[in-house]
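Geometric and topological summary
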Amino acid sequence: MASKAADRGRVMRRYVAERVLRAVGIPLVIGLLICAMGGPMGLVSYGSFDGRSPPREALANLAAYYGIDGVIEEPSWRHGAAYLSSVLVPRIARRQPASVVDEALVNIRLGEDRYLRWMNFGPTLWYRTHTVNDFIRSGLPISTQLGILSILTAFVFGLPLGLLAALKRGTLWDYLVGELVFYGISVPALALGPVLVVIFGLGLRWLPLSGWGTRPPYVLFFVPRNLFSAEFWGSAIMPCVTLGASCVAIIAQQTRDNLLQIIYKDGKDGEKKTAVVVYARGVMGREVEVGQVWKGVFFSAWALSGPVFARVLVGLLVVERVFGIPGLGNHFVAGIGGRDYPIVVGIVLLFTILVTFVNLLSVGSGGGVTASAPSERPPEKSRLIVGPRESEE
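Parameters and conventions
- Residues numbered from 1 in each chain as written.
- Predicted model: local features only at pLDDT ≥ 70, side-chain atom pairs only at ≥ 80, totals over all residues.
- Heavy atoms only, no water.
- pLDDT = per-residue confidence, 0-100.
- Helix = DSSP H or I, 4+ residues; strand = E, 2+ residues; numbered from the N terminus.
- Contact = heavy atoms within 4.5 Å.
- Buried < 20%, exposed > 50% of the residue type's maximum accessible area, 1.4 Å probe, protein only.
- Pairing = 2+ DSSP bridges.
- Phe/Tyr/Trp six-rings, centres within 6.5 Å; stacked < 30°, edge-to-face > 60°.
- Expected span 1.5 Å × (residues − 1).
- Core = buried A, V, L, I, M, F, W, Y, C linked by side-chain atoms within 4.5 Å.
- Axes fitted to C-alpha atoms, helices over the stretch in contact; angles between N-to-C directions.
- Parallel < 35°, antiparallel > 145°, perpendicular 65-115°, else oblique.
- Left-handed = near helix turned anticlockwise from the far one by under 90°.
- Patch = residues over 30% accessible without salt bridge, like charges linked within 9 Å, V, L, I, M, F, W, Y side chains within 5 Å.
- Areas by Shrake-Rupley, 256 points an atom, 1.4 Å probe, with all protein chains shown as cover.
- Salt bridge = Lys/Arg side-chain N within 4 Å of Asp/Glu carboxyl O.
- Bend = angle between axes of the 7 residues up to and from the residue.
- Nonpolar A, V, L, I, M, F, W, Y, C, P; charged D, E, K, R; others polar.
- Polar contact = N/O pair within 3.5 Å; in protein donor to acceptor, adjacent residues only side chain to side chain.

1. Digging into the confidence of the model for the chain
Scored by pLDDT, the chain comes out at a mean of 78, with 79% of its residues at no less than 70. Strand 6 (residues 384-385) is the least confidently modelled element of the chain, averaging 39 in pLDDT, while helix 7 (residues 189-203) averages 93, the highest of any element. Across residues 266-287, confidence stays below pLDDT 50; counting only partners more than four residues off in sequence or on other chains, it has 69 contacts. Low pLDDT, under 50, characterises residues 366-393; the predicted model gives this stretch 57 contacts beyond four residues in sequence or across chains.

2. A few points about the pairing of strand 3 (residues 115-118)
Burial along strand 3 is one-sided: Tyr115 and Arg117 are buried, and none of Leu116 and Trp118, which face the opposite way, are. Bridge analysis of strand 2 (residues 106-109) against strand 3 gives four bridges, and the strand direction is antiparallel. If you follow Val106 over to strand 3, its bridge partner there is Trp118. Connecting the antiparallel pair strand 2 and strand 3 is a turn made up of five residues.

3. What to know about the packing of aromatic side chains
This model, assessed by the stated rule, comprises six aromatic pairs. Centroid distance Trp212 to Phe232: 5.7 Å. Interplanar angle 85 degrees. Geometry classified as edge-to-face. Here Phe232 lies in helix 8 (residues 230-263) and Trp212 lies in the loop between helix 7 and helix 8, a separation of 20 residues in the sequence. Judged by its relative accessible area of 2%, Phe232 falls in the buried class. Members of the aromatic cluster, each reached through a chain of ring pairs, are Trp212, Phe232 and Trp233.

4. A look at helix 11 (residues 341-361)
A rise of 1.5 Å per residue sets the reference length of helix 11, with its 21 residues, at 30 Å; its end C-alpha atoms lie 31 Å apart and thus fit the reference within 8%. Counted residue by residue, helix 11 has 15 buried out of 21 residues, so it is predominantly covered.

5. Some points on the nonpolar core
Ranked by internal contacts, the top residues of the largest apolar core, which has 69 residues, are Tyr83, Phe121, Ile136, Leu146 and Val308. By residue number, the principal contributor to this core is helix 5 (residues 132-167), which donates 13 residues. Discounting chain neighbours no more than four positions away, the residues touching Tyr83 are Ile34, Pro40, Tyr65, Tyr66, Phe121, Pro342, Val345, Gly346 and Leu349. In terms of nonpolar packing, the next biggest core, distinct from the first, is built from five residues, Val177, Val181, Ala249 and Ala252 among them.

6. Quick word on the packing of helix 7 against helix 8
Two elements in contact, helix 7 and helix 8, have axes separated by 9 Å at closest approach and are oriented at 150 degrees. What the angle tells us is that helix 7 and helix 8 run roughly antiparallel. For the crossing formed where helix 7 meets helix 8, the hand is right-handed. From helix 7, Ala189, Leu192, Gly193, Leu196, Val197 and Phe200 reach across to helix 8, where they touch Met238, Val241, Thr242 and Ala245.

7. Regarding the side chain of Asn359
Summarising the element assignment, Asn359 is placed in helix 11. The contacts of Asn359, once residues within four sequence positions are left out, are Arg19, Ala23, Gly306 and Pro307.

8. Comments concerning a nonpolar patch on the surface
Taken together, the side chains of Val195, Val198, Ile199, Leu202, Leu204, Trp206 and Leu209 present a nonpolar region at the surface, about 670 Å² in accessible area. Residue classification places Val195 among the partly exposed residues on the basis of a relative accessible area of 43%.

9. Examining helix 5
Between its first and last C-alpha atoms helix 5 spans 50 Å; for 36 residues at 1.5 Å apiece the expected length is 52 Å, and the two agree. Within helix 5, the axis deviates most sharply at Gly139, by approximately 35 degrees, and proline Pro141 lies no more than four positions further along.

10. Things to note about the side chain of Asn133
Within the secondary structure, Asn133 is located in helix 5. The exposure class assigned to Asn133 is buried, which follows from its relative accessible area of 0%. Once residues lying within four places of it in the same chain are set aside, the contact partners of Asn133 are Glu103, Ala104, Leu105, Met119, Asn120, Phe121 and Gly122.

11. Topic: the sheet that holds strand 3
Pairing within the open sheet is antiparallel, and its three strands lie in the order 1-3-2. For this open sheet the edge positions go to strand 1 (91-93) and strand 2, each flanked by a neighbour on one side alone. This sheet shows a mean twist of 25 degrees between the axes of neighbouring strands, independent of strand direction. Where strand 1 and strand 3 come together, three bridges link them in antiparallel fashion.

12. Quick notes on the environment of Leu316
Note on placement: Leu316 falls in helix 9 (residues 290-322). Residue classification places Leu316 among the buried residues on the basis of a relative accessible area of 1%. The spatial distance from the C-alpha of Leu316 to the C-alpha of Thr144 is 10.0 Å, given a sequence separation of 172 residues. Filtering out sequence-adjacent residues up to four positions away, Leu316 remains in contact with Ser143, Leu146, Leu243, Arg321 and Gly329.

13. So, the packing of helix 5 against helix 10 (residues 328-337)
At a minimum axis separation of 7 Å, helix 5 and helix 10 run at an interaxial angle of 135 degrees. In terms of orientation, helix 5 lies oblique with respect to helix 10. Taken together, the residues of helix 10 that come into contact with helix 5 (itself represented by Phe135, Ile136, Ser138, Gly139, Leu140 and Ser143) are Leu328, Gly329 and His331. Considered class by class, the residues forming the contact of helix 5 with helix 10 number four nonpolar, five polar and no charged.

14. Concerning the environment of Gln145
Among the structural elements, Gln145 can be located in helix 5. Considered as a pair, Gln145 and Gly327 are 182 residues apart in the sequence and their alpha carbons are 9.7 Å apart. Within polar-contact distance, the side chain of Gln145 engages the side chain of Trp212 at 2.8 Å.

So this is what it looks like as structure tokens:
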């Protein structure tokens, strides 16, 4: 028993170390790339503006932000390091921001003459009086609302479908869930969104074609004041379905696989005649305790939280543009089209920080639950049959 516990401890430590390295490795690579290209400064220097010239005020804001005399000059890794430092390192200031260059995404007053400033993404390239922080501040609450609703949609539908497919293995329900998983993964959001708009927006006229049914100010940064209104939910249904469809498929498939590893752990592959008897306590042979099944559902959801969150963030770039939602994804695509490189780099860096944070939160989760043999057989009344049972001798 002691050796088994030591083996489990080594496996868990190795698993946690791998997850931490994966979670921290991606932001390190992105940070090195930003330093190598000189931050947004490098893209401004080498970028093409199709014959247009950015406003002088915007160039002056960039020059003041980087503390240099001119903007169009040879980029350096120092510019990238200064940019990362201004975003990641909190600062204590003794005065209010004197200009748009000094403003940060997070500004907290600590006393009469002390202010905490964190995440200063700097000025934009084409806007004189707006900074990247302003675009993030206006788009982040809307993207948060859409992302949370899409993630909830994915788990509310994905977990029951995966549980149904696992408990009804080899039946019609299992094949139907498999087909839903196939089409959910295969159909991209860029194709599903317009189809929903044509059917429910133009054809049936049940839902609005575009837009988002909330307006600032919000409660607790992102909760809309009209949360229970028809305007909000009417505008949220199609974007949430479009963004959460692929996540529903992934969650259902992974939940099914994890539960089958628990339920059929000690059985032979393809064996369908042996009974699957679920007890309230203890595990004997192919008998699985009810708590183990629910642990499998919980751990599947927890382990998938990081990948699902990352997939939703990427999907925001498409879904918000398709439905005309003024969130971060829409600002990102507009920044690419308008060659506003500070906006593009700032949103990429913010998404990287958010994904890293969520991945680190899910490090402690496991991909499945291992069952251990009980010391005694549970009472007969706690027995729950979830499959065909072979006659007892």
